[in-house]
Structure formats: structure tokens, C-alpha cells
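Examining the three-dimensional arrangement
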Amino acid sequence: MNTEEARYLAYIYTPYEQNPRLRVFLGDGDSDLAELPLRAISRAKGTLVSYELPTLAPFFGDEQLALPPQIIDLTEAARLIRGRPASSPDHCAIWNLLRRETQHGAAAIQLQSLIFRHCGREDEGGYDVVPLMVEFLRGVRELWLRTRDQLETSGELGRFEAVEQPVGIVLLNAQKRGIRFDRFEVNRRLGELGTAMARSAAALRANWNVRRATDSSQLVQALGYDKRVRVDEVLRQPALAIAIRARLDAALDLLPKDHALAGEIKRFRASSHDKSILLNMSARVADRVHPPFTVMGTVTGRALARTPALQYLSRSTRSVLCADEGKQLLYPDFSQFEPGILAEDSGDERLRQDFNTDDLYVTLSQRVFGATDRRKEAKLVFLSFCYGMSAARAAELIAPDPGATSDVESLIATFFEEYSRLEAWRRGIYAQLERDGRIGSRYGNYRYRVRVEGSLNSSERRWSMSQRIQGTASLILKRAMLRVDSAGIAELLLPMHDAALYQVDATTAEEAKARIEREFVSAFVDECPHLKPRVKFEEFAGAATPSSA
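The structure presented is a predicted model; accordingly, all values stated were derived computationally and were not measured.

Now for the sheet that holds strand β11 (residues 327–330). Across the sheet, which stays open at both edges, the three strands sit in the order β11-β16-β15 with antiparallel pairing between neighbours. Whereas interior strands pair on both sides, the edge strands pair on one side only; in this sheet they are β11 and β15 (491–495). Each strand of the sheet is rotated relative to its neighbour by a mean of 25°, with strand direction disregarded. Where β15 meets strand β16 (residues 500–505), four bridges bridge the pair, whose relative direction is antiparallel. Note on β16: the bridge partner recorded for Pro495 is Ala500.

Have a look at this one:
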């Protein structure tokens, strides 16, 4: 990446027109500037630096043009070096970055206003946009040079160039390609979801006095009758709304399957969320959705689809998405992804051996519940314990009644005591964060403490392990996606948490399936050489459950 020879690309567009207009400018970030057609940008050689590239991708798609192969999204670089959860969705928007970190904030504000007014056409008010674009690109250049220095200083430059930048191109092409959906199925499912929401809201009102099912605080209060949900802890938190939602999510994940109130809340929330996504899709003219992706969508490095957030569709609603004519969907999924990374990272030979030969979640289910059919709850307990939850707290959340808590706690503790290196590994992660003020995956992607001194609090202890394990998981998945893309055997439609949705030619599906599996396994083994990872190909969509249909 030759920063000195880079050129800088800026654009203005009309975001609210049915046929949006675009103007693109390319310059050296000093005084040289040229307005060029998109076709010329597509053929441009050398390094281009721009920002918020998902906004540009649809314009390339409309003209059936390829993206420039060496284009950098500096807003994604800014997300990588920030190293903290986003305080707002637009915390790394170019306007905010230029205002915070350069002397060109006024140009950013003016250009942002111009975009939402008239795209800077000289026949609409006689405004000469060129001087503004020169000043704006000076700010982009200053911001990129500073960001690149920060990438290098923080040890993130290698990761950005080898992983995040090329993954960004893969995701931009996925956005251009889009995903086909079945409009009839969308409308049918919307009717089912509306009925399910009304049914759940009525049950919550009648049985638990929840008058507004969309109010998280009312749901937490309703759960408060159960001693396993510590409402008092939530109410002491300073960021009340965020704390309530986080606590509600944690409680709903870990409460037993037969917990009636938790089940009703989950049904309502899943139906409501799916409905909002499907309404977004049904409003589109074409039967195709082009979700923009954020490469660094989370602080752990997961790529996220935005507007609509297709990754969060429940399995019973995913049936609305379908392959193109003559294509077939494939959904490779890493099995026991995070426990495998934990086994490799901790160096626990017993855990590595059990990962290679058994299903750890099924084993824990048998030990704790006396049956193998509680794998989902066992998985949550396994991951929660590994991320810092005590055996006592895990037992409180899953014990069938308060009197059985001590027995369940003993079973959980005994299971994890067999892996003798886990506790030492966990203490080592804490010590590293306390010493360095940051913790990363096995290849960069650091998260930083807000406080630079003092002992770790409970929140920091939890996220330190999450950053290490989930950050490594996102790294492996991104490398797997790059390998598959390089092989040219499949088209990426949607990255998931520990899986990805592809479409392949139906006539060569089995061959593509075998190659995808090899590339996924290879990416895992390269990072975790002592493991024998398994990749499953599952159905992307599941049948609608009676409670949600």
C-alpha cells in the first residue's frame, strides 16, 4: 500500500430519489481534482482511498461495473483502530471523523448538507461544488494519513491490509449481487408474524400484566418474580435502558426451555424483529435485497448487514430468501467454533482432545441435565462460564428450582475442573488486559479499556475473553470467506456468526460443497493447528414453529 501515490475519491449523491444521481471526484488530496464518470473510476489503477463504500456499491451495480481492485474504505480502518463498542451507529461516519480529527470539519458539514439538498448540481442554485470538494478531499487525505499511522503504531496495519480491506471488497461485491427473495413468501410470513405478535401480546397482558410488550423495562419487571433474574442489579445501572435490554437478553438466553414467561417474551420479540425486516423487503420494487455491510460491524470484528439486518432473521423466517435461477444455496457452519478456539488458545490438552473426538455441548448436557437433548442450554452455559460467569451464577440461571442450585453448581464446576488449564488461561487474559490496557484476537483487532489504570471490573473481565475468542472466530471466518472467494467456486450472499450463506451452480453443487468445506477447515487449522475442526452444511431455513406461525 503506497500511501504517497494514493488518490482520494469523494462523491455526492441524492439519497432520497427513486433514481439517485451521483457525482464522483478524484484528486490528490491537495489541489488537483477531476470529476469523472463511474466507468473511469472502475478502471482506475493504483490505490484509491474513499469512505463508506457501501453507499457507492449500488451505483457500480446499476452500471454493471467492477469495483476498483485497490480501493480503501478509511471508515472501516477507523472502526478497527477505535477498539471500543460503537456508542452510535454513525460514530465512524466520515462527517463525524472529519469534524473530530481534522481541521476540515466545516467542509464536511457543508458537503453533508449539500448531499441532502440537491447533489451540488450547478443548475440547482448555481453552486460551484469544485472548491468545496478540493477542501473536503484535503480532509480525507489528512484523515487517511493519520489513520494509517495509527494502524501501524497499534499493530493493526497488517490485519487491515491482509484481512479487513480484501474482505471489504468481497462484501461490496455481495452487496452489488444482492439476495433474491420470494415476495409471496414474504407476504405470507408477514401475516403469520402479525398473528403471532398479537397472540403473544395478549398472553403477556393476561398472564403477567405486561401492558406494552415492546417495553423492555416492563418485561424485566415481569421476570422479577423469578429469583434467577436479578432486577435490582439492572436498576442500579447508570445506563438504564441499555442495561435493561442487556439483562433481558441474558436472562432469556439462559432461562430453561419450559420457562413460560421467558418463552412468550422470546416469541414476541422474534416475531417483531422478523416483521420489521420483512416490511423493509416488501417495500422494495424488485424482488431482490442489497444489504450494505459493515466489515467491522462489532468490536470483535463481525461483519454486519444493515438495513435490512438479514443476519438476525429467525430460522423460521429465512425461507423468504432463495437462490437465483439455476443456483443452489449452501450454508457451511463451523461446529463448536468458540470452544475449539478456547482449547487451542488455552493450551489445555484434555480440552483439545475432547474437541477433536466429542461434542462438548452434548457431553455437558449429559453431565448437568442427565440427558443429551439440552444441548442449546449446555452451549450457553459452556460459553458463559468460559467468558467469566461463575458456576454458582450459571447454576442459578438453569436450575429447575432454587433448591437444586447447589447440585447443579457442583455438576458444572466438576465438568470444568477436568480442564485444568482454563483457569490459568483466564487469569493470563486478565493480567494482559490490566498490564497493556488492551486485548486482541490472535491477530490484532484490539479492544481497549476506558480506564487505563486500576484493577479490572467484572465487565472488563467478561469482555476481555470475548474479545480474544470471538475476535479470533471472526478472523477465521473472514479468512475462510477470502479463500472461497479466491477459489471462484461460490458467490457469498451473507456472512453469519460462525457460518456463511453461499449460492453455487446447481450442476456443480457437490463439488463446490467439498471445496468450501476444505477452505473453511483449512482457515481454522491455520489458526488452530492442534484441532480437527468440523464443518457442517445445514439447511439455512427451518420450518416455522407452531408458536410463531
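Turning next to the pattern of salt bridges. A complete count under the given rule lists 35 salt bridges for this structure. Ionic pairing is found between Asp526 and Arg483, a salt bridge with its closest N-O pair at 2.2 Å. Here the residue Asp526 occupies a position in helix α21 (residues 509–527), and Arg483 occupies one in helix α20 (residues 458–487), the gap between them amounting to 43 residues. Taking the relative accessible area as the measure of exposure, Arg483 reaches 28% and is therefore partly exposed. Where Glu538 meets Lys536, a salt bridge forms, and the shortest distance between an N and an O atom there is 3.2 Å.

Attention now moves to the nonpolar core. Met281, Phe334, Phe382, Ile412, Leu494, Tyr502 and Phe520 are the most contacted members of the largest nonpolar core, which has 89 residues in total. Here this core gets 11 residues from one element, more than from any other, and that element is α20. In this view, Phe334 contacts Ile476, Leu477, Ala480, Asp498, Phe520, Phe524, Arg534 and Val535; residues no more than four positions away in its chain are not counted. Listed in part, the 57 residues of the second largest apolar core include Ile41, Leu80, Val129 and Ile169.

As a further point, take the packing of aromatic side chains. Applying the stated criterion across every chain, the model contains 18 aromatic pairs. Taking the centre distance of 6.0 Å and the plane angle of 40° together, the rings of Trp95 and Phe136 count as tilted. With Trp95 in helix α4 (residues 94–101) and Phe136 in helix α6 (residues 130–154), this pair connects stretches of sequence that are 41 residues apart. For the residue pair Trp95 and Phe136, the accessibility class agrees, reading buried in each case. A connected cluster of aromatic rings, assembled from ring pairs, spans Tyr11, Tyr13, Tyr51, Phe59, Trp95 and Phe136. Here the basic side chain of Arg374 rests over the ring of Phe369, its NZ or CZ set 4.1 Å away from the ring centre.

A word on helix α16 (residues 375–386). For α16, with 12 residues, the first-to-last C-alpha span of 16 Å sits near the 16 Å given by 1.5 Å per residue. Phi for Gly388, located one or two positions after α16, is positive at around 115°.

What follows covers the sheet that holds strand β3 (residues 33–36). The sheet built from five strands is open, its strands ordered β3-β2-β1-β4-β5 with mixed pairing. Only two strands of the sheet have a single partner each, and these edge strands are β3 and β5 (71–73). Going across the sheet, the axis of each strand differs from the next one's by a mean of 30°, ignoring polarity. When strand β4 (residues 48–50) meets β5, the two strands line up parallel, connected through three bridges. Opposite Val49, over in β5, you have Ile72 as the bridge partner. Along the sheet face, α6 touches β1 (7–13), β2 (22–27), β3, β4 and β5 and points at about 130° away from the line of β1.

Further remarks concern the packing of helix α13 (residues 337–346) against α20. α20 packs onto α13 with a crossing angle of 110° between their chain directions and a minimal axis gap of 9 Å. In terms of orientation, α13 lies roughly perpendicular with respect to α20. The interaxial crossing formed by α13 with α20 has right-handed handedness. Side by side, α13 and α20 meet where Phe337, Glu338, Ile341, Leu342 and Asp345 of the first sit next to Arg468, Ile469, Gln470, Thr472, Ala473, Ile476 and Leu477 of the second. Taken together, the residues of the contact of α13 with α20 sort by class into seven nonpolar, two polar and three charged.

Cut-offs used in this document
- Residues numbered from 1 in each chain as written.
- Predicted model: local features only at pLDDT ≥ 70, side-chain atom pairs only at ≥ 80, totals over all residues.
- Heavy atoms only, no water.
- Pairing = 2+ DSSP bridges.
- Helix = DSSP H or I, 4+ residues; strand = E, 2+ residues; numbered from the N terminus.
- Axes fitted to C-alpha atoms, helices over the stretch in contact; angles between N-to-C directions.
- Salt bridge = Lys/Arg side-chain N within 4 Å of Asp/Glu carboxyl O.
- Buried < 20%, exposed > 50% of the residue type's maximum accessible area, 1.4 Å probe, protein only.
- Core = buried A, V, L, I, M, F, W, Y, C linked by side-chain atoms within 4.5 Å.
- Contact = heavy atoms within 4.5 Å.
- Phe/Tyr/Trp six-rings, centres within 6.5 Å; stacked < 30°, edge-to-face > 60°.
- Lys NZ or Arg CZ within 6 Å of the ring centre and 35° of its normal.
- Expected span 1.5 Å × (residues − 1).
- Parallel < 35°, antiparallel > 145°, perpendicular 65-115°, else oblique.
- Left-handed = near helix turned anticlockwise from the far one by under 90°.
- Nonpolar A, V, L, I, M, F, W, Y, C, P; charged D, E, K, R; others polar.

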